[in-house]
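Single-letter residue listing:
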Amino acid sequence: MTVLVTGIGEMATQDDELGELSDAAMIVDGSAIGWIGSRRDAPAADERVDLGGRAVVPGFVDSHAHLVFAGDRTAEFAARMAGSTYAAGGIRTTVAATRAASDDQLRSNLERLAGELLSAGVTTFECKSGYGLDVDTEQRSLRLAGALTTESTFLGAHVVPEGIERDAYVELVSGAMLDACAPYARWVDAFCERGAFDVDEARTVLVAGLARGLGARVHANQLTEGGGVRLAVELGAASADHCTHLSDGDVDALSGSATVATLLPLAEFSTRSPYPDGRRLLDAGVQVALATDCNPGSAYSTSMPLAIALAVREMHLTPAEAVRAATATGARALQRADIGILAVGRRADFVVLDAPSYVHLAYRPGVPLVSQVWRAGVRAV
Ligand SMILES: [Zn+2]
């Protein structure tokens, strides 16, 4: 079945050749894009949809989210807003609730958040484990995530849970826990940070995951200027995430590598922390992606449009750069060639904005502009 979409006032394709089109049309052919061009040249199709001059962008790609958990950390957020500081250890309260939760409870929370992401225009999301921190709950988390996304990530190395020595835990994560989880994951991740895992511990876990055929991603340099970014580059990780505190050497390492720097401004927003300098990274030639980091502790938001607005306002990206970071470069951070760009042959994932231009994503912060979401050629919202 083919659908001709007309009345596209502005189309930000993210494709280098097509660029930005006005008064555009597109043919959706099954699950893929069959044709893109000017409305005047549009071929016939089985069905026709007119968007009345609205802007179209690729479906957002959220390459960093923690959605399998139970419990609530409202009080911690309120305390932080009243002046207490964020530390990595708050994760342990979610771990206790997650271990105690049934599959049905975890699944229903996960499905609710996945629904929020879709409503916000996210057509592909990554989902990490990391609130089980024992073999059973980590595997369970990945099985549940795997029902909703192919981009599932084993994050046993989130923090060291209570009741086990550090060395024994690193051995468990890179041994028996990895064995149980690797069949259900595409990626391995480690929280390389003071209060979580040091560079050597993170390297042990990531190298073990790579040896099992998983791709690597790293929580790096969120709270301190540690060695996480350089570890990510050293290991050829798909992405170094957060990148809030970077030395010049870190920026150089990223710019000379294929590792994407994934910025998560909703975490800085929700922890009242300084934002990463996105401008500095782009000016150095680093590939920059944006993701939500949706999690119950440091960023309980599924709003990619808000992340885009913050990237523009607080991290000095242009609106065009921010949308690219949330789409094409997000896809690159997941090493996906089928999504993130509107071009012939790509998956027909796109967002219709109730606005004449994608610039409104930053110009009208907090306003629900996502009016339609198409995923694999089917209108989902
Ligand atoms: Zn995270």
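Residues numbered from 1 in each chain as written. Predicted model: local features only at pLDDT ≥ 70, side-chain atom pairs only at ≥ 80, totals over all residues.

A.B. asks: Explain the overall build of the protein to me, please; I cannot follow it from the model alone.
C.D. replies: Along its length, the protein carries 15 helices and 16 strands. In terms of overall dimensions, the protein is globule-like: its C-alpha atoms have a radius of gyration of 20 Å, near the 21 Å expected for 381 residues. With the principal axes as the frame, the protein shows a C-alpha extent of 65 × 45 × 45 Å. Here the protein, with 381 residues, has 55% of them falling under the buried criterion. Pairs at least 24 residues apart make up 70% of the contacts formed inside the protein by residues separated by at least 6 positions. (Helix = DSSP H or I, 4+ residues; strand = E, 2+ residues; numbered from the N terminus. Rg over C-alpha atoms; globule rule 2.2 N^0.38 Å. Buried ≥ 20, exposed ≤ 12 C-beta atoms within 10 Å, placed from the backbone. Contact = placed C-beta atoms within 7 Å.)

A.B. asks: Sorry if this is basic, but what is going on with the environment of Glu138 here?
C.D. replies: Considering the arrangement of structural elements, one finds Glu138 in helix α4 (residues 135-146). Distance from Glu138 to His242, taken between C-alpha atoms, is 23 Å for residues 104 residues apart in sequence. The contact partners of Glu138, leaving out residues within four places of it in the chain, are Ser129, Gly132, Leu133, Phe154, Gly156, Met177 and Cys181.

A.B. asks: Help me understand the packing of helix α3 (residues 103-119) against α4, please; the structure alone is not making it clear to me.
C.D. replies: The geometry of α3 relative to α4 is characterised by a closest axis approach of 10 Å and an angle of 45° between their N-to-C directions. Judged by the inter-axis angle, α3 sits oblique to α4. Helix-helix and strand crossings are classified by hand; for α3 and α4 the assignment is right-handed. When α3 is examined against α4, the residues Asp103, Leu106, Arg107 and Leu110 are found in contact with a partner set consisting of Arg140, Leu144 and Ala145. By residue class, the composition of the contact of α3 with α4 is four nonpolar, no polar and three charged. (Axes fitted to C-alpha atoms, helices over the stretch in contact; angles between N-to-C directions. Parallel < 35°, antiparallel > 145°, perpendicular 65-115°, else oblique. Left-handed = near helix turned anticlockwise from the far one by under 90°. Nonpolar A, V, L, I, M, F, W, Y, C, P; charged D, E, K, R; others polar.)

A.B. asks: How do you make sense of helix α7 (residues 199-211) when you look at a structure like this?
C.D. replies: Residues lying three or four places apart along an α-helix face the same way, a consequence of the helix completing one turn every 3.6 residues. Along its 13 residues, α7 runs 18 Å from first to last C-alpha, staying within 8% of the 18 Å computed at 1.5 Å per residue. Residues of α7 that are buried include every one of Glu201, Ala202, Arg203, Val205, Leu206, Ala208 and Gly209, and no others. Contacts made by the buried residues of α7 are with β8 (152-157), α5 (166-173), α6 (176-181), β9 (187-192), β10 (215-220) and α8 (228-234). Downstream of α7 by a residue or two, Gly213 has a phi angle that is positive, lying close to 90°. (Expected span 1.5 Å × (residues − 1).)

Honestly, that's just the spatial picture; any functional story needs more than this.
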